[in-house]
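Structure at a glance
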Amino acid sequence: MLPVFKERGMGPSFNERSVHSAGASMDQSVAIQETLAEGEYCPQAVQGVLCEGDSRQSRLLGLVRYCLEHGGQEHALFLYTHRRMAITGDDVSLDQIVPVSRDFTLEEVPPDGEIYILGSDVTVQLDTAELSLIFQLPFGSQTRMFLHEVARACPGFDSATRDPEFLWLTRYRRPEPEPELPTPLDCNSAAGTWLGCATIGGGRYPSRKKRWGLEEAWLQGAGSILFWGGAMEKTGFRLVEGAQGGGFVWEWRARDGRRDEELEEADREMSAAGGSRERNSAGGSNFDGLRPDGKGLPMDQNPSDQDKPESLQPRQNKSKSQITDMVRSSTITVSDKAHILSMQKFGLRDTIVKSHLLQKEEDYTYIQNFRFFVGTYNVNGQSPKECLRPWLSEGIEAPDVYCVGFQELDLSKEAFFFHDTPKEEEWFKAVSEGLHPDAKYAKVKLIRLVGIMLLLYVKREHAAYISEVEAETVGTGIMGRMGNKGGVAIRFQFHNTSICVVNSHLAAHTEENARRNQDYKDICSRMQFYQLDPSLPPLTISKHDVILWLGDLNYRIENMDVEKVKKLIEEKDFQTLYEYDQLKIQVDKKTVFEGFTEGELTFQPTYKYDTGSDDWDTSEKCRAPAWCDRILWKGKNITQLSYQSHMALKTSDHKPVHSLFDIGVRVINDELYRKTLEEIVRSLDKMENANIPSVSLSKREFCFQNVKYMQLQVESFTIHNGQVPCHFEFINKPDEESYCKQWLNANPSRGFLLPDSDIEIELELFVNKTTATKLNSGEDKIEDILVLHLDRGKDYFLPVSGNYLPSCFGSPIHTLCYMREPILDLPLETISKLTLMPIQTEGNGSQLERPLEIPKELWMMVDYLYRNAVQQEDLFQQPGLRSEFEHIRDYLDTGMIDNLSASNHSVAEALLLFLESLPEPVICYSAYHNCLECSGNYTASKQVISTLPTFHNNVFKYLMAFLQELLKNSAKNHLDENILASIFGSLLLRNPAGHQKLDMMEKKKAQEFIHQFLCNPL
């Protein structure tokens, strides 16, 4: 059954997350979860900067929850150092733990001595009895969700609730106490530290001040106090040296108490902060919080104020000096937006008012044009060597808004694997110096994913009218996480118009049209911006009034030889050349950028030039010229004024491009706004206490036919509302933790409906490694009942049914070895019996057909790769195509051996996904700890492998033989033992189910274990 190894090949790959991803942005809590023990869970994480004097050190902050035996929960903040982007547990090192005790506080503070820039990082101060830390966290939804979870985790003031004990943290304590006042050094350089161990509580960064009293904090204007964990008697949590034996014991000690009046006063100020600070600075009213431009924040109102606004005075016009102060003041945007997390979500009445205001927007707004500069530049990993003003500001009037994007900011391996790069600061400074000299600008936001960076500036006088700033990233590289390709985006509200700016770098090479199209679609589907109201679904790119899309889209000139292309360029016959442009062809086919517009291309292609010149590429590859760098737009009231490249800049092998737009933005007329608001409130008074909400559904039963592994199926239906506004939500059935089974999702799962309005609900069914095995065995079926609940109304029951086509993905190794026929050719009863067969019975299959030595599906993929791809560059490191994965899966499940047509990268990633889907890994869970113990001892390691069940032993040796063959061709495929050990270590050797390792050393040992078998004879 084992193949005779032979030759080579070439080719693109795919991944589960790119098919069905809920959110887009890189979820670093996954990396933290890999370092945690059983019973510990990290719901949210955020990357920030620890500020200590002049020192700035990157930290990953993870909120960790521990479920106690008696049913309660305790929380702690785990602080990690890291060099790599936090993708796996390998990339982080535990540095410090801060228990979320009753004296734990997290306050927003103004950055010392810094001029606030709208949308800049949020500075927060973490205080306990033992320490005080200052962090800068990125402005946006990720920080907001993190702070929201921290707020929920605080123990609160209830004296009846027992104090947290944090006994579960004892496993993390250091072997010896640290010096009392160490200098904050590199992550593992402090005395008494070792890899993966952490300080608990204080001792590393001592408090530089006494805790502020609540009143003092407010009087000194230190910023809104977001969260506090104090009680009548404050207690401090610390680890102290025991009286006997020199060991450590936990000790609680009392702190100075605070008066009830102080707490009550702080609570009152907390609930009013969102409105009062806004009104003081902007002259607004309470009902400004309902304005769709987002400049006010909704706040809790007394029952006596429910029927009408507290004030309907006109908003005061702001002087230039006041606006300048706003740009410098952190209490205008960041504080208010973070503060909303500590408030209850919008009530039904507020939601209705906001919805009516949106419907009547044209009654109180008018269109005003603003000048937007949009620029894109692939800098080929270079540092700025020339002034950018010829690109950014020469020959134009000062724009109101700058949107400036870069690609390939840094091409080094360090930039790919590690988060920081000096190029970011270099190009940010170059852009800031190149902005138009006739105006002053405020930076709204900078967002970067590896080499893809986007900058947003506005004229300082417009800063007061920018709100709801969010930034997100989507990587489309291997495993859906690597950011060498992908997109970054910034969305914001300008006056009353929502705008989304996207900068993308799509797949390269002329033949990769399908991959580029897939990258575009992945960015569109996975780029999601969370809203201020957590009950509302995330916003996608398409849900904006104006979309500006820029970047190195990498579409080329096709079906024309290089010399012909250059001849048409020399003749300036761009119109003829444009007919062969891949982007034009794909847009005409409506495969990408549907509804977008691009201006006429009147400039020569922007790629590829010899660096430092205007000469076309003279390298060995001699790339054909192409319009790789493009700018498109979508929306109303947009006029393009210019679209051109800039030949004067010669730093890169690309030329920068810019486009100027006049964009009509909806601006609020204050008097008409007040009038509209009054009308809505009066009509709402009449509508309240009307009838019970009632809806009609376009469909009530849903059947999913022939569901396949990792292939999304969607069924949709429409909810039509009657005459009463209502909230709807899918709710959990009794004794169930979720409203649906794991393979099902409703989008949106909750929402709000105005009278006589409709909403479309999509039911998404997706089977992955988590759910496939039980569906294969028949332990689970495509059967569920959704309960659609109306607030103040009745429940609707929606049955879901269907059939799942069993797959080799998610099937145990020994099960597949007993399947001599393709899995889809076997009766369901046989598949169920073989899947449920215990692994230890594999040797006594007297009543079963003689098994294969290894799964035939594994042999097919490895044999294909051996024959076609042993010299393939970057094998197992580049993604492939989704459609090809589906073809490979069907090929394996039906045995259509002669019909496999897929790229090498797609087959390679299918192999990784196959190994990842195994319910019992190649090295069985029972051997996991033995493998770690003998890591570094090859003789002992081979002995452990020899104890594996026969089929698992065969598969392990077969894969190691294949990987050794790949290493013989490392000069061509660029693979080495470390890369392969890193990739396959986490797939072949996995933690026992339900157990998470305590630190990253276990994963290092797992990789070292695999490394031995790659370097030594089998």
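For the structure, see preceding data.
The rules behind these values
- Residues numbered from 1 in each chain as written.
- Predicted model: local features only at pLDDT ≥ 70, side-chain atom pairs only at ≥ 80, totals over all residues.
- Heavy atoms only, no water.
- Pairing = 2+ DSSP bridges.
- Helix = DSSP H or I, 4+ residues; strand = E, 2+ residues; numbered from the N terminus.
- Axes fitted to C-alpha atoms, helices over the stretch in contact; angles between N-to-C directions.
- Contact = heavy atoms within 4.5 Å.
- Expected span 1.5 Å × (residues − 1).
- Buried < 20%, exposed > 50% of the residue type's maximum accessible area, 1.4 Å probe, protein only.
- Salt bridge = Lys/Arg side-chain N within 4 Å of Asp/Glu carboxyl O.
- Phe/Tyr/Trp six-rings, centres within 6.5 Å; stacked < 30°, edge-to-face > 60°.
- Core = buried A, V, L, I, M, F, W, Y, C linked by side-chain atoms within 4.5 Å.
- Arc of directions from axis to C-beta.
- Polar contact = N/O pair within 3.5 Å; in protein donor to acceptor, adjacent residues only side chain to side chain.

Glancing now at the sheet that holds strand β22 (residues 629–635). Strands belonging to one sheet form pairs held by backbone hydrogen bonds; the direction of such a pair is parallel or antiparallel. Overall, mixed pairing links the five strands, which are arranged β16-β17-β18-β21-β22 in an open sheet. Where the open sheet ends on each side, the last strands, each with one partner, are β16 (466–475) and β22. On average, each strand axis in the sheet is inclined to that of its neighbour by 10°, with strand direction left out of account. Alignment of β16 against strand β17 (residues 486–494), held across eight bridges, turns out to be antiparallel. Looking at β17, one finds that A471 is bridged to I490. Across the face of the sheet, helix α13 (residues 513–526) comes into contact with β16, β17, β18 (497–505) and β21 (546–552) while running at roughly 135° to β16.

We now examine helix α22 (residues 882–894). Given a rise of 1.5 Å per residue, 13 residues ought to cover 18 Å, and the 18 Å separating the end C-alpha atoms of α22 matches this to within 8%. Among all positions of α22, only E884, F885, I888, R889, Y891, L892 and D893 are buried. Against the buried residues of α22 lie α21 (856–868) and α23 (904–917). Count one or two residues on from α22 and you reach G895, which has phi positive near 75°.

Our focus in this paragraph is the pattern of salt bridges. Applying the stated criterion across every chain yields a total of 31 salt bridges. With a shortest N-O distance of 2.8 Å, E715 and K699 are connected by a salt bridge. Of this pair, E715 sits in strand β27 (residues 713–721) while K699 sits in the loop between β25 (695–697) and β26 (702–707), and the two are 16 residues apart along the sequence. Residue class for K699 comes out partly exposed when judged on its relative accessible area of 30%. The salt bridge involving D890 is made with R889; its shortest N-O contact spans 3.1 Å. On the basis of relative accessibility, which here comes to 1%, the residue R889 falls in the buried class. Each of E361, E362 and R666 takes part in salt bridges that share partners, so that together they form one network.

Scanning the model with the defined rule gives 33 aromatic pairs in all. Plain terms: the ring middles of F372 and F494 are 6.4 Å apart, the flat faces sit at 65° to each other, and that makes the pair edge-to-face. You can see F372 sitting in strand β12 (residues 365–378) and its partner F494 sitting in strand β17, a full 122 residues away along the chain. Considered together, F372 and F494 belong to a single accessibility category, that of buried residues. Ring geometry for Y377 against W427: centres 6.1 Å apart, planes inclined by 80°, an arrangement best described as edge-to-face. Separated by 50 residues along the polypeptide, Y377 in strand β12 and W427 in helix α12 (residues 422–434) bring together distant segments of the chain.

Within the largest apolar cluster, 107 residues are counted, with the highest numbers of intra-cluster contacts made by L763, F876, L915 and I923. Ranked by the residues each element gives to this core, the list is headed by helix α26 (residues 950–967), at ten residues. Formed by 73 residues, the second largest nonpolar core is a distinct cluster that contains L601, F603, I638 and I663.

Residues of helix α25 (residues 938–946) that are buried: Y938, S941, V944 and I945. Down the axis of α25, the buried side of the element spans an arc of 115°, and every buried residue falls inside it. The exposed residues of α25 that point more than 90 degrees off its buried face are T939 and Q943. Of the surrounding elements, those touching the buried residues of α25 are α24 (928–933), α26 and α29 (1001–1015). Residue N937 occupies the N-cap position of α25, its side-chain oxygen lying 3.3 Å from the main-chain nitrogen of T939.

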